[in-house]
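# Results of the structural survey
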Amino acid sequence: DLWLLNSTSGTTGLPKCVMHHQRRWLAFHELAVAAGDLSPDDVVLSALPAPFGFGVWTAHVTPTLLGVACVVSPRFDAAECLTLIARERVTVLAAVSTQFIMLLNSSELETHDLSSLRVLFTGGEMVPERRAAEFEDRTGCAVLQFYGSNETGALSRTTLTDSRERRLRTAGRVIPEMQVRLFDDDGHDVTATGGPGIAACRGPLTCLGYYHDPDANAALYTPDGWMLTGDRCVIDESAYLTVSGRASDFIIRGGKNISAAQVEDEVATHSAVLLAAAIAMPDPVFGERVCVYVELRPGSTLDLADLRAHLEARGVGKELWPEHLVVLAALPRASGGKVAKGDLREDVARRVAPDTA
C-alpha cells in the first residue's frame, strides 16, 4: 500500500513524487545489514537530506530497526561532519560521492580521530574509483554502495565480502530478486550478452510509480513492465554490474558518445581541482562539445591549456579532453547533495547563446 510520497532531487529536471510502500524499505534494510555487517553496536551518521531516498533508509529506517543512534545535522558541512564522526564515535557513514569527496578535501580531515569509522555507504551518483580508494586509505573504512535510484531501489550492491577491486570498480553483484535486465537503444533485451544496455528491473524494491503523472510513468517503464534506470550498464560473467554513465549524461560529439562521468574522473586527478562536472555544450558543427565546470582548491588556479596538458601527460585519450572550461567559486548543489547539472546546462546555454544568435 502507498506509505510515502518521496520527491526525487531534481538534478536533471523538475522533481517528481515517487510512491513508496513499506515493504521496499524493509527489504532495503535487510540488504544493508547483510552488506555492512550492521549490528546494534553501530552508530550511524547520515550526511544526506533525510527526506530523500538515500536518506530515508540511512536516517530513518535502518537506525530505527537496529535501535541505534543516528547522528544528523541541519545541513551538510564537511568540517562539522568530521567533528561529529570523531565526537560521536560514528561507525557507519552515509554520504553521496560529492559529500565524501568534500570530506577528503577538507583541511580538517587529518585533525580528527576517525578510527571508529568502518563503513561508508555511498551512491546516488557514479562513485569515483580513485577518490573512493583514497577515502579508504585515509580513514581505514570500507566503501560500499547500492546501485539504483529512488524509483527502482537497488539493482546491485557491494558488501564487505567483496574484494577491494570489486567494491571500487563495479556497482556490485546483481540482487537476484530484482530480476535485472539490460536493453539496447532499440528496446531489445541484451542481458544474455552482458550489455552494454539500459538497466531495468522488476522486483520487491521498486516503487509504485509516480504520483498522478501518467506521462512520467509511461517513460519509466518498458511496454512490458520493466522499470528503467536510465543508466547504461554492463554485467559480467560473475553477475557484477558496472555503470558506464547515464543515458542522458553522454556528450555526443560528432556522433561519438563520450561519458561525462569518465571526463569528470580524469579532470578530478588535477591537483587544483576540488570538484568537476562535465556537460554537453551545444555546437553548430559537432552537435555537442565537452564542457567542464570546476570548483578549485583554495589558492589554486587553472586554465584549459594547463588542464589539457595534465590529461595528455596522463595518457588520457583526446576524446575525454575538455574543449571548454568554466571555473566557479562553488558548483551548484541540488537539495539531494549532488551537483545540480540542470543549473549548469542552463548556464552553458546562456554562454553559447550570443555565438548562435
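The residue numbers shown here count from 1 along each chain, following its written sequence. Only residues with pLDDT of at least 70 are given local features in this predicted model, and only at 80 or more are side-chain atom pairs given and counted; all residues enter the totals for whole chains, interfaces and linings. Values shown for side chains rest on all heavy atoms present in the structure; no hydrogens or waters enter the calculation.

### Describing the overall build of the protein chain
Put simply, DSSP H or I for four residues or longer makes a helix, DSSP E for two residues or longer makes a strand, and each gets a number counted from the N terminus. The number of helices and strands found in the protein chain is 10 helices and 18 strands. We compute the radius of gyration from the C-alpha atoms alone; for a globule the expected value is 2.2 Å times N to the 0.38, where N is the number of residues. Taking 21 Å as the expected radius of gyration for a compact globule of 357 residues, we find that the protein chain reaches 20 Å, a close match to that expectation. Relative to its full complement of 357 residues, the protein chain shows a buried share of 52%. Only heavy atoms matter for contacts: two residues are in contact if any of them lie within 4.5 Å across the pair. Intrachain contacts of the protein chain at a sequence separation of at least 6 include 65% that bridge at least 24 residues. Accessible area for the protein chain stands at about 16,200 Å²; split by element, carbon and sulfur atoms hold 52% of it. Burial classes: relative accessible area under 20% of the type maximum marks a residue as buried, over 50% as exposed, and values in between as partly exposed (1.4 Å probe, protein chains only). To measure how exposed things are, a 1.4 Å probe is used in the Shrake-Rupley method; for residues, cover is taken only from the protein chains shown.

### A closer look at the sheet that holds strand β16 (residues 273-283)
Strand order in the open sheet formed by three strands is β16-β17-β18, with mixed pairing between adjacent strands. Of all strands in the sheet, those with a lone pairing partner are β16 and β18 (324-328), marking the two edges. Along the sheet, successive strands turn relative to each other by an average axial angle of 25°, direction set aside. Strands are treated as partners if at least two bridges between them are detected by DSSP. In the sheet, strand β17 (residues 287-296) pairs with β18 via five bridges, with the strands oriented parallel. In the sheet register, V294 faces β18, and the bridge partner there is V327. Here helix α8 (residues 260-267) sits on the sheet in contact with β16 and β17, set at roughly 140° to β16. Lines are fitted to the C-alpha atoms to define the axes, a helix being fitted only along its stretch in contact, and any angle between axes, read from their N-to-C directions, falls within 0 to 180 degrees.

### Observations regarding helix α9 (residues 304-313)
Nitrogen and oxygen atoms within 3.5 Å of one another constitute a polar contact, given that in protein one can donate a hydrogen and the other can accept it, and given that sequence-neighbouring residues count only through two side-chain atoms. Its side-chain oxygen placed 3.3 Å from the backbone nitrogen of A305, D303 serves as the N-cap of α9. After α9 finishes, the residue G315 shows a positive phi value of roughly 80°.

### What to know about the confidence of the model for the protein chain
Across the protein chain, the average pLDDT comes to 90, with 93% of residues at 70 or higher. Mean pLDDT across the elements of the protein chain bottoms out in strand β15 (residues 256-259) (74) and peaks in strand β9 (residues 173-174) (98). Confidence scores labelled pLDDT are given residue by residue by the predictor and lie between 0 and 100.

### With respect to the packing of aromatic side chains
Ring geometry is summarised as follows: Phe, Tyr and Trp rings, the Trp one being its six-membered ring, pair when their centres sit within 6.5 Å, and such pairs are stacked at plane angles under 30 degrees, edge-to-face over 60 and tilted between the two. Inspection of the entire model under this criterion finds eight aromatic pairs. Taking 6.0 Å as the distance between ring centres and 25° as the angle between the ring planes, the aromatic pair formed by F54 and W57 counts as stacked. You can see F54 and its partner W57 sitting in helix α2 (residues 53-66), three residues apart, about one turn around the helix. Since its relative accessible area comes to 16%, F54 is described here as buried. What makes W57 buried here is its relative accessible area of 4%. Both rings, one in W57 and one in F121, keep their centres 5.3 Å apart while their planes meet at 80°; by these two values the pair is edge-to-face.

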